[in-house]
Amino acid sequence: MKYKAINIKEKLNLFNEKWVPKVVAEMNDYQFKVVKIKGDFVWHSHKDTDETFIVIDGHLRIDFRDGHVDIEKGEMYVVPKEVEHKPYAEKDTELLVIEPRGVLNTGQEVSELTAQNDVWI
């Protein structure tokens, strides 16, 4: 067996698209996805799962209907299932997102920002 660490920054340097998560690893039924973002996303929720956001570089704000949370580089936040939220980044931001395989980035919503699922990089 070949053992090799996954370099998250190297993976992020392989693409430029915004709001298009790329899978870099799996653990059981969970996927680890890198994504670049800037600007507003869509309001959405995930009916059956929590969603974890880890900021690799930049600053992420997640809006909720009753407030928001700011997440800086090196910090993480878990959005509970069924909680409506809208990610936002004023400047280019890089994230690691952890969620079960098969979860659409826009949850139950379908929009121009709905990305193809299960794309490995």
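Residues numbered from 1 in each chain as written. Predicted model: local features only at pLDDT ≥ 70, side-chain atom pairs only at ≥ 80, totals over all residues. Heavy atoms only, no water.

### Here we look at the pattern of salt bridges
Tallied over the entire structure, the rule returns eleven salt bridges. The salt bridge partner of Asp57 is Lys9, with a shortest N-O separation of 3.9 Å. In this pair, Asp57 sits in strand S3 (residues 51-57) while Lys9 sits in helix H1 (residues 8-12), placing the two residues 48 residues apart along the sequence. Classification of Lys9 as partly exposed rests on a relative accessible area of 38%. The shortest N-O distance in the salt bridge between Lys22 and Glu17 comes to 4.0 Å. Given a relative accessible area of 10%, Lys22 falls into the buried group. Because the salt bridges share partners, they merge into one network encompassing Asp40, Arg61, Asp63 and Lys86. (Salt bridge = Lys/Arg side-chain N within 4 Å of Asp/Glu carboxyl O. Helix = DSSP H or I, 4+ residues; strand = E, 2+ residues; numbered from the N terminus. Buried < 20%, exposed > 50% of the residue type's maximum accessible area, 1.4 Å probe, protein only.)

### What about the pairing of strand S7 (residues 85-100)?
Among the 16 residues that make up S7, twelve are buried, leaving the element largely enclosed by the rest of the structure. Alignment of strand S2 (residues 30-40) against S7, held across ten bridges, turns out to be antiparallel. Paired with Tyr30 across the two strands is Pro100, which belongs to S7. Sheet topology places S3 next to S7; five bridges connect them, and they run antiparallel. In the sheet register, Asp57 faces S7, and the bridge partner there is Glu94. Bridge analysis of strand S4 (residues 59-64) against S7 gives four bridges, and the strand direction is antiparallel. (Pairing = 2+ DSSP bridges.)

### Some remarks on the packing of aromatic side chains
Counted according to the given criterion, the structure contains two aromatic pairs. Between Trp19 and Phe41, the aromatic rings sit 4.5 Å apart at their centres with planes inclined by 20°, giving stacked as the arrangement. Pair noted here: Trp19 is in the loop between H1 and strand S1 (22-27) and Phe41 is in the loop between S2 and S3, with a separation of 22 residues, a long-range link. The class of Trp19 is buried, set by a relative accessible area of 9%. Exposure remark for Phe41: the relative accessible area of 8% places this residue in the buried category. On the numbers, 6.0 Å between centres and 55° between planes, the contact of Phe64 with Tyr77 is tilted. (Phe/Tyr/Trp six-rings, centres within 6.5 Å; stacked < 30°, edge-to-face > 60°.)

Any link to function would need more than the numbers given here.
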